[in-house]
Amino acid sequence: MKRFFLIALAACAAFGAAPHRAAASQTCGIPDKGTLWIDFAGTTQYWQFFAQPNVIAATSNFIYPELFRAHGAKTIYWDMHFIRRVGTPLEPFDPAYVIDRANRMYNTAAMSLGCARPMIAENELNGANLITPWSPTNAQYRRNVLIYLQTLAARGARPVLLVPSKPFLGDEVAINWWRQAARYADIVSESYFSAARMAKLGPIAGSRAMRELFRTRIEPYTEIGLPTRQLGIMLGFHTTPGSGGREHAPLRSWLEVTKLQTLAARQVAKELALRSVWSWGWGVFGASSPENDPDKPLALCVYLWTRNNHLCNGPKVAGPKFNVSRTEGQLIFPSGVRCMVSGTRLDWGAINGLTAVTGDPDVSFTAVYARAVASLFKPLKAKQVADAEKAVVAAHFGSYGAYRGALARAHASRAVARAVIADELRGELIEQRMHVSGPSAADVREFFESFGDTQARLVESKRPAPWLDGRKRGYALASNAPAQLFRLRGTGWTTIRTMLGPFQVRALEPAVPLGGLPTGLARPAVISALKALARDHAYESWLLARQRAYDYATLCYRDRQPVPGVIPLTDYLPFLAAE
């Protein structure tokens, strides 16, 4: 009768009120706020690395905890064999046994750590990814886990449940289980990957991949409402092949990834205000074990140095070829910068200003990113942009007052307008260097048939003109020539302003429809127009390809990368189009 009473009591308590959390002064000196860095340190032959201040060592038994504390480290208790406390999804233990194991674990941890409210890491939950409906044995296993965690918490401990796989959260049964577990324990997601694979990505793309992995590991829990102050990630530095970790990476690569992995964890922990970051893999487990890697102490020193350069001299043990930078590939930006594109700034202000015009911040982000990439290939001087702006005013407005009025109606600032003008000018200059093949006879014929109403005018220029395909004399078409050419009166020489500079031109004949000209006379103009169109398409393809290629060298706030694309901003501000 007593046995069934204990089971019922435990089952009711598991779904009752969560116990009051312990104050920091009662939890073996473990701070109650901020991100904790906790390292698996007990029973490793490298325990001396952790026996120092500013380290929290996860350890077991009654020997190592005292050693660590004697050297200034703080300690939590590591339960390596959670399976022995609650059973497995196929063979769960009797709940009464689970309660007894929880009480024994609390007594052991409290005695080992010398405090009444110990933090206890439970390694690890089995079957986190099993879908519902759960089998009867797995359902009992999950109940056992809750009973065990609740019993520890009721005694004053702070359990931490380690989770090796993505949790299944497909229905309310599963979601409610995780919410119940979080009432009594912190949850730490084991986040392992191949160091060899990450090393091949390099410091920028590799760091981004690691940060995204860590965020992905936390996301399922936050989506169901679990607070990040109860969540953590575990880093893997183990060396058994096939389980993540080193995975046969050369030493230099492994040390580089060790550094980058630590920095990535720090960044994500700061972003999300995570409760903890853990390290695992420092154990050896016997001379014949694949974990008996002689390079582990080097990786351990680099890991500690990356966190805090007072904990170990990482550069010294790693050797002269080790990359000591702790900023390369990291999300460190000057004030006002959203992204850095191979050293070129992409500012929040530019995106926000453009969004007033486009109405879509994502469209604006893509447009500003494309601008940054293009500017790497064709930087412009301020005078070039100012002269191009003068040409826009002269061609379309006649006065700066009218120009400013048009900008105001389009919700565009002068800075936004100048940036769009620079885009247009830069595109024109890059296109001039692009070779395109001449159109086919069929293309020329189709142009005549489709655009016979297009205005054409015989003009002359004192220098080769792009709208005449590099010639000084010929028919200009309204589809690709400055509109000013079609407003000329008389046959005298006149200077027109374009983004590409001033041209001295004169009209030789009045404008006529293209279809009214003999094919032989108009053919060069049609070929010029088709080649201009081909260069436009070539530039768009080139720019899109360059954006995709430069993603590897682009660092953005929280790794929120722009979507590559070609946004014709003159669709929003047509009066700024290049002529």
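Within every chain, residues take consecutive numbers counted from 1 along the sequence as written. Totals for whole chains, interfaces and linings use every residue, but because this is a predicted model, local features are given only for residues with pLDDT of at least 70 and side-chain atom pairs only at 80 or more, for both listing and counting. To get the side-chain values, take all heavy atoms of the structure and skip hydrogens and water.

(A) View of the pattern of salt bridges. By definition, a salt bridge exists where a carboxyl oxygen of Asp or Glu is found within 4 Å of a side-chain nitrogen of Lys or Arg. Per the counting criterion, the structure on display carries 22 salt bridges. The shortest N-O distance in the salt bridge between arginine 104 and aspartate 100 comes to 2.9 Å. Taken together, the positions of arginine 104 and aspartate 100, both in helix H4 (residues 95–113) and four residues apart, correspond to about one turn of that helix. Note that arginine 414 and glutamate 389 form a salt bridge whose closest N and O atoms lie 2.6 Å from each other. Placement of the pair is arginine 414 in helix H15 (residues 414–432) and glutamate 389 in helix H13 (residues 382–396), with a sequence separation of 25 residues. Burial status follows relative accessibility: with a 1.4 Å probe on protein chains alone, a residue under 20% of its type maximum counts as buried, one over 50% as exposed, and anything between as partly exposed. Owing to a relative accessible area of 1%, glutamate 389 belongs among the buried residues under this scheme. It is possible to trace a salt-bridge network through shared partners that takes in Arg211, Arg215, Glu271 and Asp559. Under the scheme used here, helices are H or I runs from DSSP no shorter than 4 residues and strands are E runs no shorter than 2 residues, and both carry numbers assigned from the N terminus.

(B) Spatial organisation of the packing of H4 against helix H5 (residues 136–155). Put simply, H4 and H5 touch, their axes get as near as 9 Å, and they point 35° apart. For the element pair H4 and H5, the recorded crossing hand is right-handed. Residues Pro95, Val98, Ile99, Arg101, Ala102, Asn103, Met105, Tyr106 and Asn107 of H4 lie in contact with H5, whose contacting residues are Gln140, Asn144, Ile147, Tyr148, Thr151, Leu152 and Arg155. Each residue is assigned to one of three groups, with Ala, Val, Leu, Ile, Met, Phe, Trp, Tyr, Cys and Pro labelled nonpolar, Asp, Glu, Lys and Arg labelled charged, and all others, Gly among them, labelled polar. Counted by class, the contact of H4 with H5 contains nine nonpolar, five polar and two charged residues. Each axis is a line fitted through C-alpha atoms, and for a helix only the stretch in contact is used; angles between axes span 0 to 180 degrees, taken between their N-to-C directions. Handedness of a helix crossing follows the sense of rotation of the near helix relative to the far helix, less than a right angle counterclockwise being left-handed and clockwise being right-handed. Contacts are residue-level and defined by heavy atoms, with any inter-residue pair within 4.5 Å sufficient.

(C) Focus on the side chain of threonine 239. Here threonine 239 shows up in the loop between strand E7 (231–236) and helix H8 (251–272). We classify threonine 239 as buried; its relative accessible area is 8%. A polar atom in the side chain of threonine 239 sits 2.8 Å from the backbone oxygen of proline 290. Polar contact criterion, stated in full: a pair of N or O atoms within 3.5 Å, where within protein one must be able to donate a hydrogen and the other to accept it, and residues adjacent in sequence count only if both atoms are side-chain atoms.

(D) Geometry of the environment of phenylalanine 285. Residue position: phenylalanine 285 is located in the loop between strand E8 (276–280) and helix H9 (296–307). Distance from phenylalanine 285 to threonine 44, taken between C-alpha atoms, is 8.0 Å for residues 241 residues apart in sequence. Once residues lying within four places of it in the same chain are set aside, the contact partners of phenylalanine 285 are Phe40, Met80, Trp280 and Glu291.

(E) Main features of the pairing of strand E2 (residues 56–59). The side-chain alternation of E2 yields two buried faces, one formed by Ile56 and Ala58 and the other by Ala57 and Thr59. For two strands to pair, DSSP has to find at least two bridges joining them. Relative to E2, strand E1 (residues 36–40) runs parallel, the two being bridged by three bridges. Residue isoleucine 38 lies in a different strand from E2, and its bridge partner there is isoleucine 56. Where E2 and strand E3 (residues 74–79) come together, four bridges link them in parallel fashion. Of the residues in E3, the one forming a bridge with alanine 57 is threonine 75.

(F) Region of the structure containing the packing of aromatic side chains. A pair of Phe, Tyr and Trp rings is counted when the ring centres sit within 6.5 Å of each other, with Trp represented by its six-membered ring. The angle between the planes then sorts it: under 30 degrees is stacked, over 60 is edge-to-face, the rest tilted. Per the counting criterion, the structure on display carries 28 aromatic pairs. Centre to centre, the rings of phenylalanine 40 and tryptophan 280 are 4.8 Å apart; their planes meet at 55°, and the pair counts as tilted. With phenylalanine 40 in strand E1 and tryptophan 280 in strand E8, this residue pair connects regions lying 240 residues apart in the sequence. Given a relative accessible area of 2%, phenylalanine 40 falls into the buried group. Aromatic ring contacts, followed pair by pair, group Phe40, Trp78, Trp278, Trp280 and Phe285 into a single cluster. Geometrically, a lysine NZ or arginine CZ counts as sitting over a ring once it is within 6 Å of the ring centre and also within 35 degrees of the ring normal. Seen from the ring of phenylalanine 322, lysine 259 lies directly overhead, with NZ or CZ sitting 5.6 Å from the centre.

(G) Summary view of the sheet that holds strand E9 (residues 337–341). Pairing is antiparallel in the open sheet, where three strands are placed in the order E10-E9-E16. Single-partner strands in this sheet number two, and they are strand E10 (344–347) and strand E16 (554–556). Within this sheet the neighbouring strands show an average axis-to-axis angle of 20°, counted without direction.

(H) Inspection of the pairing of E3 at higher detail. Summarising burial for E3: five of the six residues are buried, a large majority. Convention used here: a crossover is right-handed provided that the path from the first strand, over the helix, to the second strand proceeds clockwise when the strands point away from the viewer. Regarding topology, helix H2 (residues 64–70) serves as the crossover connection from E2 to the parallel E3, and that connection is right-handed. Two elements, E3 and strand E4 (residues 119–122), share three bridges in a ladder whose sense is parallel. The residue bridging tyrosine 77 from the neighbouring strand is isoleucine 120, located in E4.

(I) Spotlight on H13. Each helix should span, by expectation, one fewer than its residue count multiplied by 1.5 Å. With 15 residues, H13 ought to run about 21 Å at 1.5 Å a step, and its terminal C-alpha atoms sit 21 Å apart, in line with that. Every buried residue of H13 is accounted for by Val385, Ala388, Glu389, Ala391, Val392, Val393 and Ala395. Taken together, the buried residues of H13 touch helix H14 (400–409), H15 and strand E13 (494–498). The first or second residue beyond H13 is glycine 398, which carries a positive phi of 85°.

(J) The arrangement of the sheet that holds E7 in detail. With parallel pairing, eight strands are arranged side by side around a closed barrel as E1-E2-E3-E4-E5-E6-E7-E8. Adjacent strand axes in the sheet meet at a mean angle of 25°, parallel and antiparallel pairs treated alike. Of the strand pairs in this sheet, E7 and E8 are connected by five bridges, and their pairing is parallel. Across the sheet, residue glycine 232 finds its bridge partner in E8, namely serine 276. Across the sheet, H5 is in contact with E3, E4 and strand E5 (158–163); its angle to E5 comes to roughly 150°.

(K) Seen up close, the state of the cysteines. Cysteine sulfur atoms that come within 2.5 Å of each other are treated as a disulfide pair. According to the stated counting rule, one finds three disulfides in the structure shown. A sulfur-sulfur distance of 2.0 Å marks the disulfide that ties cysteine 301 to cysteine 312. In this structure the cystine formed by cysteine 301 and cysteine 312 twists about its S-S bond by roughly -105°; its chirality is therefore left-handed. With cysteine 301 in helix H9 and cysteine 312 in the loop between H9 and helix H10 (314–318), this residue pair connects regions lying eleven residues apart in the sequence. Taken as a pair, cysteine 301 and cysteine 312 share a single burial class, namely buried. Each sulfur of the disulfide joining cysteine 339 and cysteine 556 lies 2.0 Å from the other. Residues cysteine 339 and cysteine 556 are joined by a disulfide whose S-S torsion is about 110°; by sign, that bridge is right-handed. Residue cysteine 339 is found in strand E9, and its partner cysteine 556 is found in strand E16; the two are separated by 217 residues along the sequence. Once the disulfide-bonded cysteines of the protein chain are ranked by sequence position, their pairing pattern turns out to be 1-2, 3-4, 5-6.

Interpretation note: all reported values are geometric properties and have no functional meaning in isolation.
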